[in-house]
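Each chain, letter by letter, is given below.
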Amino acid sequence: MSHQHHRMNLATSCGIFLVLAILAGCAPTERDATGNEPGELSMIVESNVEIPMRDGVVLRADIYRPSGEGPFPVLVYRTPYNKHGAVEYYQTHLRAVERGYAVILKDVRGRYASDGNFEPYRNDGIDGYDTIEWAAAQPWSNGAVGTFGLSYPGAVQWLAAVESPPSLKAMVPAMTYATPRRFFYSNGLFDLSWLPWIHFNIAPDTRERNGLPGVTSEADVAAEWDEKSDYYLSYLPLSELPDFKDVAPYYYEWMQHPPEDPWWNWAELRGRYDDVDAAVLNLSGWYDDPYGPDGAINNHAGMQGKPSHLIMGPWKHGVIETGAREVGELDFGPQAGIDYDEVVLRFFDEYLRGQDTGLKSEPRVNYFVMGSNEWHTADTWPPPNAALETLCLGGDGFFGGCNDKPATMTTAWVADPANPVSDPYDSYGPHDYQSLTSRTDVVTFDSEVVDADLTVAGNAIARLFVSCDCRDFDVWVRLQDVYPDGRAFNLRSPGTEVLRASYRDPAAGRQLLEPGQVYELRLDRLMFGNTFKTGHKIRAQVSATFGPNLSRNLQTGESEITSSETNTATITIHHSEDYPSALDLPFLR
């Protein structure tokens, strides 16, 4: 899924042309990669080819394959965003055909040209299995199938792979998730970016295919969001939002299931990696949607002992973003970008075609270190040369020593869910957040000025001992690189550096707090790679809210899913001898 993936309204004339050609007894068209006069690259294109699923529902795909008899290895791309959009915006399929692959671009169930009812991700496992095996059985196929795609087209690859299709040999699931507990939710908070995802990407086509009222053109959809976005993102209770009842009834089913509910296990990847026999290339960026780095790193870890590779760049979400050097407000240099298509196809050359590209002899992990703006390699993640060092939270907003701490030391602030801390930026990427330090409901802890470059790469851990005069609250710990001029840049996108106190033990489910009691909260998925340059500082920016990406904790003990009443609360961090709140950072040796 891409929360910021804009819907593509593209013509489907090629599908109409194919229908007329079939009625006239014509063969599939042979043309060059651009659709113009045949040139150096010629290929066969079949449009809206019917692919039956096991339950009889027909899904449709466009197929691009080299001219000639073949047989060819096959690459499958499945999308809810319109297969014609992939042709318009990406070149991967054309470069693959030039390389000798056949490529299938398919609309998932219930979207655009495909029949059936759309329920996000619910049918994509078995539909993926059936599509892969159908591809392997075609007369122009050599029986070896790979899958590729980013975001939703990345997620569907994993859902198919855990069904163990025998013909799936390699896959490149980029910028996608590992667990629904950090995808639909994030450590107990519901991810509100599903609302613009439905509004922009899903609702328009759903209205068109079902004859429902409402806007459908790209311009009208954008204008309506500009008008109603504040309404959507502040609406309480979440389960009573009336706008999606016709276009996205599954949203209301999601609302009935908290993250600990076993109902979500249909989308769970953790614990199912033994069912995956394909080689995997996991790819994400530090400023990807927050589930992306978590998904790539944890999926790679789950494939331990199997052919799995990991690439972590400095990028935001999207194929085009992987080639960028400028991200947000920072320039990471010409080496920051990659040729996404070449990376993907080299992987398939190695694992699908059996060519010796040298990939198997290279380190399995490639990660970009910001600040120094250079690529590092390792055999594992976290890097084996990273060692945790502890920075204890001290008084007066500084990290202090961990020895000789006073018996009592606290830092407190008042949090009001009705006046939440809000992200001043409407796009991901590194931005300057120093302005938030002026808020009384934001607490900062700074290190001393770094006197020599310090490189941190791995999984940082925040351990906070916290109490509240409330039954529940959230805590955000946003790590930042503070420049000598005072600018404070975030090291990843907001979303996974938060924990709902009542979900401090996820396996136990929701456990409300006793007001005044001290609890240890552990945020252990603060993954990044950054060199803090000489003269910089390390900052932890702490708050109880950070909108609008995730839902607000009402601080009453009631859920924002079913309630709207909020409560102002005083939250206290304890950092003393008995309560050693600290930040563990993985410094490279």
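Here's a quick rundown of the structure. (Residues numbered from 1 in each chain as written. Predicted model: local features only at pLDDT ≥ 70, side-chain atom pairs only at ≥ 80, totals over all residues. Heavy atoms only, no water.)

Attention shifts here to helix H7 (residues 218-234). With 17 residues, H7 ought to run about 24 Å at 1.5 Å a step, and its terminal C-alpha atoms sit 24 Å apart, in line with that. Buried within H7 are the following residues: Val221, Trp225, Ser229 and Tyr232. Buried residues along H7 sit in contact with helix H6 (194-210). (Helix = DSSP H or I, 4+ residues; strand = E, 2+ residues; numbered from the N terminus. Expected span 1.5 Å × (residues − 1). Buried < 20%, exposed > 50% of the residue type's maximum accessible area, 1.4 Å probe, protein only. Contact = heavy atoms within 4.5 Å.)

Our focus in this paragraph is the pattern of salt bridges. Counted by the stated rule, this structure contains 36 salt bridges. Here Arg109 makes a salt bridge to Asp55, at a shortest N to O gap of 2.9 Å. Placement of Arg109 in the loop between strand S5 (102-107) and helix H4 (124-136) and of Asp55 in the loop between strand S2 (42-52) and strand S3 (58-66) is noted, with a sequence separation of 54 residues between them. A residue is classified by how much of its surface remains accessible, and Arg109, at 8% relative accessible area, is buried. By relative accessible area, Asp55 is classed as partly exposed at 47%. With its nearest N and O atoms 2.9 Å apart, the salt bridge here joins Glu268 to Arg270. Since its relative accessible area comes to 9%, Glu268 is described here as buried. (Salt bridge = Lys/Arg side-chain N within 4 Å of Asp/Glu carboxyl O.)

So, about the packing of aromatic side chains. Per the counting criterion, the structure on display carries 49 aromatic pairs. A centroid spacing of 6.3 Å and a plane angle of 85 degrees characterise the contact between Tyr121 and Phe184, whose relative ring orientation is edge-to-face. One end of the pair, Tyr121, is in the loop between S5 and H4; the other, Phe184, is in the loop between strand S7 (168-174) and strand S8 (185-186), and 63 residues separate them in sequence. Residue Tyr121 is classed as buried on the basis of its relative accessible area of 2%. On the basis of relative accessible area, Phe184 is assigned to the buried category, the value being 1%. Where Trp263 meets Trp264, the ring centres are 4.7 Å apart and the plane angle is 85 degrees; that geometry is what we call edge-to-face. Residue Trp263 shares its accessibility class with Trp264, and that shared class is buried. We note Arg111 situated over the ring of Phe118; from NZ or CZ to the ring centre the distance is 5.4 Å. One cation-aromatic arrangement involves Lys245 over Tyr252; the distance from NZ or CZ to the ring centre is 4.2 Å. (Phe/Tyr/Trp six-rings, centres within 6.5 Å; stacked < 30°, edge-to-face > 60°. Lys NZ or Arg CZ within 6 Å of the ring centre and 35° of its normal.)

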